[in-house]
Amino acid sequence: TICSHPQLGIARTNSFSQSEGSSLQFLQMIYTNKAVLVHDLGDGVFHVQLNNPKQLNAMNQTFWDEFPDVFTKLDVDPNCRAIVLSGNGRAFCSGIDLKTLSSSIPMDVEMDTARRSRHMLRWLESVQKSVTLVEKCCKPVIAAIHGFCLGAGVDLIAACDIRYCSKEVEFCVKEVAVGLAADLGSLNRLPKMVGNEGWLRELCYTARKFGLQEALEHGLVSRICDSPEAVVAAAKETAKAIAASSPVAVQGTKLVLNYSRDHTVDESLHYVALWNASQLQTDDVAASAVAVLTKGPKPAYAKL
């Protein structure tokens, strides 16, 4: 699907081009961060931007300090019902900042191998958790991908619910090229998402770049847009549609889908039955039924 080019109504900091930025009004930033910007777009939609544009949004230590806090807050923020995740500037994300990686990992040369390994393990588990918070967040997250999405950027979008991209995008599972196995989720989540295991193994073994057609063909993304601006607009439109529905229903649906991915059909059927034993008792069901039967507007659902 090729998206149109509607004028974006999002808060942003020097995103995409200066000429377009002059026509946009900034919305109040409610989360104070440097490497991760958060804007409330209204109607239950929040926009999260990776904000290291000079380095194509490479993930530095400031990012790892801020990102988990952002998604921990969004998970429980009653004003938030859906999230758009994008990158500020010319790219979505160029992966981990290798220049700061060595200084971020606690490796005391005076420690023996066992103790250094335990420190390394704790650090790796902490950054894994940061990415997993996107998947665990009860609000659906839509990745709006443009420019480059490399290395840990692929890990990040693999944790999102929905992935849209613009037509110039380039992806790469890059970790083998820098001497390691990807450890933040690409090797763990992508096999459950894409439809061709041989294709995925080729990408992971060779670290070659690939574009939108392969990403769409094999199920990594679900929509292609003409430009970076259009992909954010499309993600925002989908987020608004999600946010207009009952938050009880939407968040329950995400929870059950995540559970079903990793369990048998019988197990997940039992899980959703247990879940709905309480959640069907919401007033949202009756209000929604009235709206459907009368063909009226969606109710103004209470915050959750």
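My aim in this report is to walk through the structure given alongside it, one point at a time. As the structure is a prediction and not an experimental result, all values here were calculated from the model.

Overview of the overall build of the protein chain
Stage number 1. The number of helices and strands found in the protein chain is 12 helices and nine strands.
Stage number 2. In the protein chain, which comprises 304 residues, the proportion classed as buried is 46%.
Stage number 3. Counted over contacts in the protein chain with a minimum sequence separation of 6, partners at least 24 positions apart contribute 69%.
Stage number 4. Total accessible area on the protein chain stands at roughly 15100 Å², and carbon and sulfur atoms take up 56% of it.

Focus: the pairing of strand β2 (residues 36-42)
Stage number 1. Burial of β2 is extensive: five of the seven residues sit out of reach of the surface.
Stage number 2. Once β2 ends, the chain turns through two residues before running back antiparallel as strand β3 (residues 45-50), passing Asp43 with a positive phi of about 60°.

What about the environment of Ala244?
Stage number 1. Tracing the sequence through the fold places Ala244 in the loop between α9 (228-243) and α10 (247-261).
Stage number 2. Spatially, the C-alpha atoms of Ala244 and Val45 are 9.6 Å apart, while their sequence positions differ by 199 residues.
Stage number 3. Each residue touching Ala244, except ones within four places of it in the same chain, is listed here: Lys298 and Tyr301.

Concerning the side chain of Ser246
Stage number 1. Looking at where Ser246 falls in the secondary structure, it is placed in the loop between α9 and α10.
Stage number 2. Residue Ser246 is classed as buried on the basis of its relative accessible area of 5%.
Stage number 3. There is a polar contact of 3.2 Å between the side chain of Ser246 and the backbone nitrogen of Val248.
Stage number 4. The contacts of Ser246, once residues within four sequence positions are left out, are Asp284 and Tyr301.

Regarding the packing of aromatic side chains
Stage number 1. For the coordinates displayed, the defined rule picks out six aromatic pairs.
Stage number 2. A ring pair is formed by Phe63 and Trp64, whose centres lie 4.9 Å apart and whose planes are at 80°; its orientation type is edge-to-face. Here Phe63 and Trp64 have matching classes, each one buried.
Stage number 3. Considering the side-chain rings of Phe171 and Phe210, the 5.3 Å spacing of their centres and the 20° angle between planes classify their relative orientation as stacked. Taken together, the residues span a long stretch of sequence, with Phe171 in strand β8 (residues 170-172) and Phe210 in the loop between α7 (197-206) and α8 (212-217) at a distance of 39 residues.

Scoring rules and cut-offs
- Residues numbered from 1 in each chain as written.
- Predicted model: local features only at pLDDT ≥ 70, side-chain atom pairs only at ≥ 80, totals over all residues.
- Heavy atoms only, no water.
- Helix = DSSP H or I, 4+ residues; strand = E, 2+ residues; numbered from the N terminus.
- Buried < 20%, exposed > 50% of the residue type's maximum accessible area, 1.4 Å probe, protein only.
- Contact = heavy atoms within 4.5 Å.
- Areas by Shrake-Rupley, 256 points an atom, 1.4 Å probe, with all protein chains shown as cover.
- Pairing = 2+ DSSP bridges.
- Polar contact = N/O pair within 3.5 Å; in protein donor to acceptor, adjacent residues only side chain to side chain.
- Phe/Tyr/Trp six-rings, centres within 6.5 Å; stacked < 30°, edge-to-face > 60°.

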